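Working through the structure, step by step
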Amino acid sequence: MSPTLARDRCYARAFRSAGLRQAAVPLPDGAVVHFWLPRPDPALHPVLLLHGFGANATWQWAPFLRPLLAAGLAPFVPDLVFFGNSASPAADRSPAYQAASVAAAMAALPGVPQRYSVVGVSYGGFVAYHLAHAFPAVVERLVLVAAGVCLEEADLASGLFAVDDISEAASLLLPQRPEDLRRLVELTFCKPPKFMPSCFIRDYIRVMCTENVKEKTELLYALISGRKLSDLPKINQQTLIIWGEQDRVFPLELGLRLKRHLGDTSELTIVKDAGHAINREKPAELCRLIKNYIIDSSVKYRDDRKGCWKFALRRFAGSSLRKVDSSRPLI
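Labelled according to an unreviewed UniProt entry, the protein chain appears under the name AB hydrolase-1 domain-containing protein, originating from Aegilops tauschii subsp. strangulata.

Have a look at this one:
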């Protein structure tokens, strides 16, 4: 009678009804990366979808599958290590390790094209950034959604965030008490749900927030401890940065900072009336931005916080979908 388990089954059913199948990819270091894979179709452009902290990948990407498939994109959706059904015996907790694990798993899958685009939400954006830097021959285009990769540990003490230290951030992102989950929802949503019964909250925590707490806490510490913008490498891929105007987890300043860091290879789009949970609050808008940016390489966006979201398309002759030789090695 768990409503959380019932919803979890519904999300998994949505993946299966969209034509995706499950696969567990073992890696040489003993890690196993769980994937949802699309049907093989060389006419579709592959896109790797990386989730953030919270529940597993199905909870964060279920609304996007059919629109992306209809637009000509083939979604590859993994659970990052220590989320969902992915695990590893390794001691490394860095986003660089997560990126290497995902890249190795994609390379091990049969029929995966030589290059693919990557979309990362929040923590998944950190992983996507490292993936683009470490494997530039693999990552074609990049979309970073509310991903504070330009944060510094000093930002915590300076008051930029709603929390003062990493331990407080961990207590919210890995809630073990109803009051922590309520505060997390208030921080992540521009307009938080008004109806949150305590019985549902306790059930969600029991089902979704009690596994791999130690490992996930270590992921957060590895993400933030000693982090400096001067240590962040630049990437060369064309990158779309998407940010919620009212983001209180990773304030908009981090999106502006990332745009300055990447320069002319990046575009910043600010979504009006959205907080950190853009994928939950504005799924249709986010899906449209992702589709347009990945499929049409000429898409350009501009920042307009008054709600006038315009983009210009320059049409070129021929198909914008890239055909690749899947027999060539991935890495």
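Next comes the rest of the description.
A separate point is the nonpolar core. Judged by nonpolar contacts, the single largest core of 69 residues is most densely connected at Phe35, Leu48, Met106 and Val118. Considering every element that reaches this core, the biggest residue donor is helix α5 (residues 123-134), with seven residues. Those residues in contact with Val118, other than ones at most four positions away along the chain, are Leu48, Leu50, Ala128, Leu131, Val139, Arg141, Leu142 and Val143.

Our next topic: unusual backbone geometry. Although it is not a glycine, Ser122 adopts a positive phi angle of roughly 55°. Residue placement: Ser122 occurs in the loop between β5 (116-121) and α5. A positive phi angle, close to 55°, is found at Asn212, a residue other than glycine. Looking at the secondary structure, you find Asn212 in the loop between α9 (198-208) and α10 (213-224).

Attention now moves to the pattern of salt bridges. Across all of its chains, the model carries ten salt bridges by this definition. Between Arg257 and Asp155 there is a salt bridge, with its nearest N and O atoms 2.9 Å apart. Of this pair, Arg257 sits in helix α11 (residues 252-262) while Asp155 sits in helix α6 (residues 154-158); the two residues are 102 residues apart in sequence, bridging distant segments of the chain. Residues Glu218 and Lys214 are paired through a salt bridge, measuring 2.7 Å at the closest nitrogen-oxygen approach. Taken together, the positions of Glu218 and Lys214, both in helix α10 and four residues apart, correspond to about one turn of that helix. For Glu218, a relative accessible area of 26% gives the class partly exposed.

Attention shifts here to the side chain of Ser117. Summarising the element assignment, Ser117 is placed in strand β5. In this structure, Ser117 is in contact with His45, Pro46, Val47, Leu48, Glu140, Arg141 and Ile294, ignoring residues within four places of it in sequence.

Extensive coverage of strand β3 (residues 45-50) is indicated by the burial of six of its six residues. Alternating residues of β3 divide into His45, Val47 and Leu49 and Pro46, Leu48 and Leu50, and every residue in both groups is buried. Bridging between β3 and strand β4 (residues 73-78) involves four bridges; their strand directions are parallel. If you follow His45 over to β4, its bridge partner there is Leu73.

Looking now at the sheet that holds strand β8 (residues 266-271). Sheet strands associate in pairs through backbone hydrogen bonding, adopting either a parallel or an antiparallel arrangement. Pairing within the open sheet is mixed, and its eight strands lie in the order β1-β2-β4-β3-β5-β6-β7-β8. In the strand order of this sheet, the two ends are held by β1 (21-26) and β8, each with one partner. Neighbour to neighbour, the strand axes of the sheet diverge by 20° on average, direction disregarded.

Thresholds, definitions, all that
Residues numbered from 1 in each chain as written. Predicted model: local features only at pLDDT ≥ 70, side-chain atom pairs only at ≥ 80, totals over all residues. Heavy atoms only, no water. Core = buried A, V, L, I, M, F, W, Y, C linked by side-chain atoms within 4.5 Å. Buried < 20%, exposed > 50% of the residue type's maximum accessible area, 1.4 Å probe, protein only. Helix = DSSP H or I, 4+ residues; strand = E, 2+ residues; numbered from the N terminus. Contact = heavy atoms within 4.5 Å. Salt bridge = Lys/Arg side-chain N within 4 Å of Asp/Glu carboxyl O. Pairing = 2+ DSSP bridges. Axes fitted to C-alpha atoms, helices over the stretch in contact; angles between N-to-C directions.

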